[in-house]
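This is what each chain is made of:
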Amino acid sequence: MNPATIIQEIDHRAQPLPNGPWIMTQVWHELIFAHWPMKSEKLRPLIPRVFELDTFEGEAWIGIVPFRMSTVHPRGIPSVPGISAFPELNVRTYVKINNVPGVYFFSLEAGNPIAVALARSLFHLPYFNASMNCKHVGNTILYSSHRTHRGAPAADFSAYYRPTAPVQFASADTLPAWLTERYYLYTTDRLQRTYRGDIHHRRWPLQAAEIEIGLDTLSRSHKLDLPDTAPLLHYSERQEVLIWPLRRIL
């Protein structure tokens, strides 16, 4: 990873880079975006009122995103074996505040208790401990997650997936770009204060893909009734990410 190079590639961003220095790096591997459309009126009651639902041509979207992380460490501190690399799995939708689009997470499973504790306390994100496995067999990813977080609803997910076409970059103003090229996350804390997190990376190198989901009680744990249709899929082999401090906005 070369942060100095990454931070110079900004033409694909709709918003400027945040002020101040970045504080953390992450590398995301073997990631697949699995997205389903959802009617806004079904999703609206599940999202804090402070957020405006972000829609594409009038339709909201739910994403389940499994992947593997490495090089997770604060700026100036090297990676630590056993701590800086682990699987992650998130359930997300898309929201806005003051017309600035971002990601809202229903949950983030991680196979690293230290990362879960830090993310919950420092970033106010709904991370959950999970027993997870992510295995690369040829060009196929075998992925499984079983939530183990004390007091949390049961949630399991298993799937295998693979890319099926060469890399392409989504054109601006298309649905694939709208779903993936997002550089803010939004969250709230226990006192209902609202925060925004800023990230930066190069454009997403996306590939068409196929997936076979063996088990999904993860979405149901959030009362999300996904449509009984095949998801829209986008695979990416690797993405290098810079992260800025969380900022309170409301």
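Residues numbered from 1 in each chain as written. Predicted model: local features only at pLDDT ≥ 70, side-chain atom pairs only at ≥ 80, totals over all residues. Heavy atoms only, no water.

### Re the layout of surface pockets
Gaps left between atoms show up when a probe the size of a water molecule is rolled over them. Volume-wise, the largest pocket comes out at about 880 Å³. M24, Q26, M69, Y127 and I243 are, among the 46 residues lining the largest pocket, the residues nearest its centre. Listing elements by their share of the lining of the largest pocket, those giving two or more residues are β1 (24-38), β3 (60-74), β4 (86-97), β5 (100-110), α3 (113-122), β9 (184-188) and β10 (194-201). No other element matches the 6 residues that β3 contributes to the lining of the largest pocket. In terms of residue class, the lining of the largest pocket is built from 34 nonpolar, 8 polar and 4 charged. In this model, the second largest pocket occupies a volume close to 470 Å³. (1 Å grid on protein atoms, 1.4 Å probe; cavity = no way out; pocket = protein on both sides within 12 Å on 5 of 7 lines; lining within 4 Å. Points joined across faces, edges and corners; volume = space filled by probe spheres on them. Helix = DSSP H or I, 4+ residues; strand = E, 2+ residues; numbered from the N terminus. Nonpolar A, V, L, I, M, F, W, Y, C, P; charged D, E, K, R; others polar.)

### Let's talk about the packing of aromatic side chains
Where two aromatic rings form a pair, the distance of their centres and the angle of their planes describe that pair. What the rule picks out here adds up to 9 aromatic pairs. Note on W28 and F67: the rings are 5.7 Å apart at their centroids and 55° apart in plane angle, and the pair reads as tilted. Here F67 lies in strand β3 and W28 lies in strand β1, a separation of 39 residues in the sequence. By relative accessible area, which is 14% here, W28 ends up buried. Taken together, the ring pairs in this structure connect W28, F33, F67 and W204 into an aromatic cluster. One residue, R120, lies across the ring of F128, its end atom 5.3 Å from the ring centre. Positioned above the aromatic ring of F128, the side-chain terminus of R147 is 4.1 Å from the ring centre. (Phe/Tyr/Trp six-rings, centres within 6.5 Å; stacked < 30°, edge-to-face > 60°. Buried < 20%, exposed > 50% of the residue type's maximum accessible area, 1.4 Å probe, protein only. Lys NZ or Arg CZ within 6 Å of the ring centre and 35° of its normal.)

### What about the pairing of strand β8 (residues 156-163)?
Strand residues, when the strand is regular, have side chains that alternate between the two faces of the sheet. Residues F157, A159, Y161 and P163 line the buried face of β8, whereas the alternating positions D156, S158, Y160 and R162 sit on a face that is not buried. Note that strand β7 (residues 140-147) and β8 share 6 bridges and pair antiparallel. Bridge assignment links S144 to a residue of β8, and that residue is S158. (Pairing = 2+ DSSP bridges.)

### Side note on the nonpolar core
Core analysis: the largest hydrophobic core is formed by 36 residues, its most contacted members being L43, I47, I62 and F106. Contact partners of F106, with chain neighbours within four places excluded, come to L43, L46, I47, I62, V91, R92, T93, P126, H222 and L224. F86, F105, A110 and A115 belong to the second-largest nonpolar core, a separate cluster that totals 34 residues. (Core = buried A, V, L, I, M, F, W, Y, C linked by side-chain atoms within 4.5 Å. Contact = heavy atoms within 4.5 Å.)

### A few points about the side chain of S219
Looking at the element boundaries, S219 is found in the loop between β11 (209-216) and β12 (232-243). Looking at S219, its side chain comes within polar contact range of the side chain of D216, at 2.7 Å. In this structure S219 touches I64, L224 and L226, once residues within four positions along its chain are discounted. (Polar contact = N/O pair within 3.5 Å; in protein donor to acceptor, adjacent residues only side chain to side chain.)

### Brief notes about the environment of A60
Structurally, A60 is set in strand β3. A60 gets classed as buried once you look at its relative accessible area, which sits at 0%. Separated by 16 residues in the primary sequence, A60 and R44 place their C-alpha atoms 9.5 Å from one another. Excluding residues that lie within four positions of it along the chain, A60 makes contacts with W36, P37, M38, S40, L43, D54 and T55.

### Remarks on the pattern of salt bridges
Per the counting criterion, the structure on display carries 11 salt bridges. Notably, a salt bridge pairs E30 with R68, separated by 3.0 Å at the nearest N-O pair. In this pair, E30 is assigned in strand β1 and R68 in strand β3, connecting sequence segments 38 residues apart. E30 gets classed as buried once you look at its relative accessible area, which sits at 7%. (Salt bridge = Lys/Arg side-chain N within 4 Å of Asp/Glu carboxyl O.)

What is shown is where atoms sit, not what they do.
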